[in-house]
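Structural overview for review
The lines below spell out each chain.
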Amino acid sequence: MTVPNPAADRTPTGGHMMVQHRVVLSLGSNLGDRMVNLQDAVDTLFDAPGLDFVALSPVYESAPFAGTEGSIPDQGDFLNVVLLAETRLSPETLLERVLNVENSMERIREVRWGPRTLDIDIIVFGDVTSDDPDLTLPHPRAHERAFVLVPWADIEPDTELPGHGRVADLAAAAGTSQVSRRDDLTLQPPA
């Protein structure tokens, strides 16, 4: 894992200060009450200290993603949102929190690309890069996914997805044929 200049993260007395990072999370659900699942996930992510809410995208609906295999199990459409936050947590600690939230909502990982009560992906963690198979940063397929790019462009269009370009441009290239904005559905920011 590569982090920005560690020497710059020292206080004048030589101690380490915690660097705050902007994180982008993509949340999706296609089992059970999808809106309740998403709202519970948003609320639960912020129940513990270390994550500060910045913004939440509108809700979008998308067909299940086929991945590179091109085929997916039979399942319903997803509701998706993108969440922006600031954190002083490490990437590993944030991943642990995300996995705990998924597990608390009975996420089952039996079928690749299968249906799920909740899926949370860490898309970007500041300018941290990682090739770790447990947490690749930035997310290696975010630049291909309209269900990530289109909601993200609604709240942070001029941000760069490292190695791929401006989010609004990537969203325009991905197109909106795979996603539809659900203005009839609204999630509440965490309390």
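With twelve residues, helix H1 (residues 34-45) should cover 16 Å at 1.5 Å per step; its first-to-last C-alpha distance of 16 Å lies within 8% of that length. Of the surrounding elements, those touching the buried residues of H1 are strand S1 (21-29), strand S2 (51-56), strand S4 (78-87), helix H2 (91-104) and strand S5 (119-125).

Attention now goes to the environment of Leu79. Mapped onto the secondary structure, Leu79 falls in strand S4. For the pair Leu79 and Leu38, spaced 41 residues apart in the sequence, the C-alpha separation amounts to 8.2 Å.

Secondary-structure assignment places Val148 in helix H3 (residues 146-155). Not counting residues up to four positions away in its chain, the partners in contact with Val148 are Ser26, Val82, Ile123 and Ala142.

Next up on the list: H2. The first and last C-alpha atoms of H2 sit 20 Å apart over 14 residues, in line with the 20 Å expected at 1.5 Å per residue. Among the residues of H2, those classed as buried are Pro91, Leu94, Leu95, Arg97, Val98, Val101 and Glu102. Projection of H2 onto a plane perpendicular to its axis shows the buried side chains occupying an angular sector of 160°, all on one side. Backbone geometry just after H2 places Glu106 at a positive phi near 60°.

Okay, a negative patch on the surface next. Taken together, the side chains of Glu92, Asp131, Asp132 and Asp134 define an acidic patch exposed on the protein surface. Summarising the element assignment, Asp132 is placed in strand S6 (residues 130-132). Here Asp132 falls in the partly exposed class, since its relative accessible area comes to 35%.

About the thresholds
- Residues numbered from 1 in each chain as written.
- Predicted model: local features only at pLDDT ≥ 70, side-chain atom pairs only at ≥ 80, totals over all residues.
- Heavy atoms only, no water.
- Helix = DSSP H or I, 4+ residues; strand = E, 2+ residues; numbered from the N terminus.
- Expected span 1.5 Å × (residues − 1).
- Contact = heavy atoms within 4.5 Å.
- Buried < 20%, exposed > 50% of the residue type's maximum accessible area, 1.4 Å probe, protein only.
- Arc of directions from axis to C-beta.
- Patch = residues over 30% accessible without salt bridge, like charges linked within 9 Å, V, L, I, M, F, W, Y side chains within 5 Å.
- Areas by Shrake-Rupley, 256 points an atom, 1.4 Å probe, with all protein chains shown as cover.
- Salt bridge = Lys/Arg side-chain N within 4 Å of Asp/Glu carboxyl O.
- Lys, Arg positive; Asp, Glu negative; His and termini not counted.
- Charge placed at Lys NZ, Arg CZ, Asp CG, Glu CD.

Read these as spatial facts, not as claims about activity.
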